[in-house]
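Coordinate inspection notes
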Amino acid sequence: MTEEPEILIRRQGRVGHITLNRPKVLNALSPAMIEAISNALSDWARDRDIAMVLIDAAGERAFCAGGDINVLYERAIAGDHEFGRAFWRAEYRMNAQIAHFPKPFVALVHGIVMGGGVGVSLHGSHRVVADTVTFAMPECAIGLIPDVGASLLLGRTPEHFGEFLGLTGRRLDAAEMVHCGLADQIVAAGTMDDLRAALLESGDPAEAKKFAVDPGHAAIAAEKSSINAVFGLETIELIHEALRALDNDWGAEVRGQLDAGSVLSQHIALSTIRKARRHGSVVAALRDEFRFTSRATERAELIEGIRAAVIDKDRNPQWRYRTLQDVPDALLSEFSDKAPGGDFSYLERPA
């Protein structure tokens, strides 16, 4: 029996069409998939017969739940930390290609979109989500930080929503994604096939507007004052302190989310999101994220986080740094230094 390819890349009329095709593993991104997307984008950017790029995904459950962290774990516990660095360099280059792509890049996103799935879709020029979508950047819960340029995407959200979403991993529905500026429009899941057909036939991203539905009420809007009061504070220590002082259900829920995560990751996530908000550059955001991720399997707590969430699935990570005070200042400074082997940088291939 012939195995299905991990990814489908083809030309359909004037459209370069990419389909993530690993539905059994929630379309997790492998190194081969990343390379294939990057190569296709390089070709299509120069090809005058390609008017736009369309990316979608097979299966009903997920657009893409992230990168393939199982293989990352296996290689790291065997002592191979260069594998992760190479993976992230290639992935981040692809993310930058999407953000800088010179033609319309339309992402049709349904189901779960997290981690690497965010990076391969939400940097596009046209971000269309089904009403079934669930977004999150839950990296602090596994000892990583919001990466794939998500520090910039989160930094662009209203007021201090980015810090809140990045530190807690809070899930958003379609209406909340639009409210936070993480999606451009919503379509009914039942019309996604018709929309795809219309885009492939026309090569015109404006077709998506014909299928758009009213976003409706975004529940997260009611949390605005609480989010700003807590996540607008200057340091991660003050944020934790403010949550401990809250005597309400919201504070208890958010405090529980932070208490379950890596405080080391929270330190770095807070600073990278705020840096990205200030500089507004996807390449600089990816560079700052890479300074952490390039060290994540050796110097941070990613391996323990993956073990607890994915390998043993006991949901009980034994963090090396259990309190904010346990995290050495020297280690925090290290994550601001140039990455081992050199910083991430991005240069467009000649057009």
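This text gives an overview of the structure that appears in the document.

Cut-offs applied
- Every chain is numbered on its own, with residues counted from 1 as its sequence reads.
- Predicted model: local features are reported for residues with pLDDT of at least 70 only, side-chain atom pairs are reported and counted for 80 or more only, and whole-chain, interface and lining totals are derived from all residues.
- Side-chain metrics rest on all non-hydrogen atoms present in the structure, leaving aside hydrogens and water.
- Pairs of strands are assigned from DSSP output, requiring at least two bridges between the strands.
- For the purposes of this entry, the term helix denotes a DSSP run of H or I that reaches at least four residues, the term strand denotes a run of E that reaches at least two, and both are numbered from the N terminus.
- Under the scheme applied here, a residue whose accessible area is under 20% of the maximum for its type counts as buried, over 50% as exposed, and between as partly exposed, the area being computed with a 1.4 Å probe on protein chains only.
- By construction, the arc corresponds to the directions joining the helix axis to the C-beta atoms.
- When checking whether two residues touch, look at their non-hydrogen atoms; a contact exists if any pair is within 4.5 Å.
- Axis angles are defined between N-to-C directions and span 0 to 180 degrees, where every axis is a line fitted to C-alpha atoms and, for a helix, only to the segment in contact.
- Any pair of nitrogen or oxygen atoms within 3.5 Å is treated as a polar contact; in protein, a donor-acceptor pairing is required on top of that, and neighbouring residues in sequence qualify only through side-chain atoms on both sides.
- Stacked, tilted and edge-to-face are the three classes assigned to paired rings of Phe, Tyr and Trp, where Trp is represented by its six-membered ring and a pair needs centres within 6.5 Å; plane angles under 30 degrees give stacked, over 60 edge-to-face, the rest tilted.

1. Considerations on the pairing of strand β1 (residues 7–12)
Moving residue by residue along a regular strand, the side chains alternate between the two faces of the sheet. Both β1 and strand β2 (residues 15–20) contribute to a ladder of six bridges, which runs antiparallel. Looking at the pairing, Arg 10 lines up with His 17 of β2. Once β1 ends, the chain turns through two residues before running back antiparallel as β2, passing Gly 13 with a positive phi of about 65°.

2. Regarding helix α2 (residues 69–77)
Taken as a whole, α2 has its buried residues at Leu 72, Tyr 73 and Ala 76. Considered in projection along α2, the buried side chains sweep an arc of 100° and stay on one side of the axis. Buried residues along α2 sit against α3 (82–99) and α14 (302–311). Note on α2: the residue one or two positions beyond its end, Gly 79, has a positive phi of about 95°.

3. Quick notes on unusual backbone geometry
One non-glycine residue with positive phi stands out, namely Asn 27, at about 60°. Here Glu 159, not a glycine, exhibits a phi torsion of approximately 45°, which is positive.

4. Quick notes on the sheet that holds strand β10 (residues 212–213)
An order of β1-β2-β3-β5-β7-β9-β10 is seen for the seven strands of this open sheet, with the pairing classed as mixed. What marks the edges here is a single partner per strand, and that holds for β1 and β10. Sheet topology places strand β7 (residues 126–130) next to strand β9 (residues 185–187); three bridges connect them, and they run parallel. Looking at the pairing, Val 128 lines up with Gln 185 of β9. Across the sheet, helix α8 (residues 192–202) lies against β1, β2, β3 (52–57), β5 (105–109), β7 and β9, angled at about 165° from β5, the strand it touches most.

5. What about the side chain of Asn 21?
With respect to the element layout, Asn 21 can be found in the loop between β2 and α1 (31–46). Among the polar contacts listed, one links the side chain of Asn 21 to the side chain of Glu 4, at a separation of 3.2 Å. Those residues in contact with Asn 21 that sit more than four places away from it in its chain are Glu 4, Pro 5, Glu 6, Ile 7, Leu 8, Asn 27 and Ala 58.

6. A look at the environment of His 100
Take His 100: it is sitting in the loop between α3 and β5. Overall, the relative accessible area of 39% leaves His 100 in the partly exposed class. The spatial distance from the C-alpha of His 100 to the C-alpha of Gly 149 is 12 Å, given a sequence separation of 49 residues.

7. Examining the environment of Ala 32
Relative to the helices and strands, Ala 32 resides in helix α1. Remark: the alpha-carbon pair of Ala 32 and Asp 173, spanning 141 residues in sequence, is separated by 30 Å.

8. Examining the packing of aromatic side chains
In total, this model carries six aromatic pairs according to the counting rule given. When the ring of Phe 164 is compared with that of Phe 231, the centres are 5.3 Å apart and the planes differ by 65°; the resulting orientation is edge-to-face. Linking Phe 164 in helix α6 (residues 161–168) with Phe 231 in helix α9 (residues 224–231), this pair joins segments that are 67 residues apart in sequence. Side by side, Phe 164 and Phe 231 carry an identical accessibility label, which is buried. Centre to centre, the rings of Phe 292 and Phe 335 are 4.7 Å apart; their planes meet at 45°, and the pair counts as tilted. Of this pair, Phe 292 sits in helix α13 (residues 282–293) while Phe 335 sits in the segment after α15 (329–334), placing them 43 residues apart in sequence. When sorted by exposure, Phe 292 lands in the same class as Phe 335, which is buried. Each member of the aromatic cluster is reached from another via a ring pair, and the members are Tyr 92, Phe 290 and Phe 344.

Any functional reading would require information that these geometric values do not contain.
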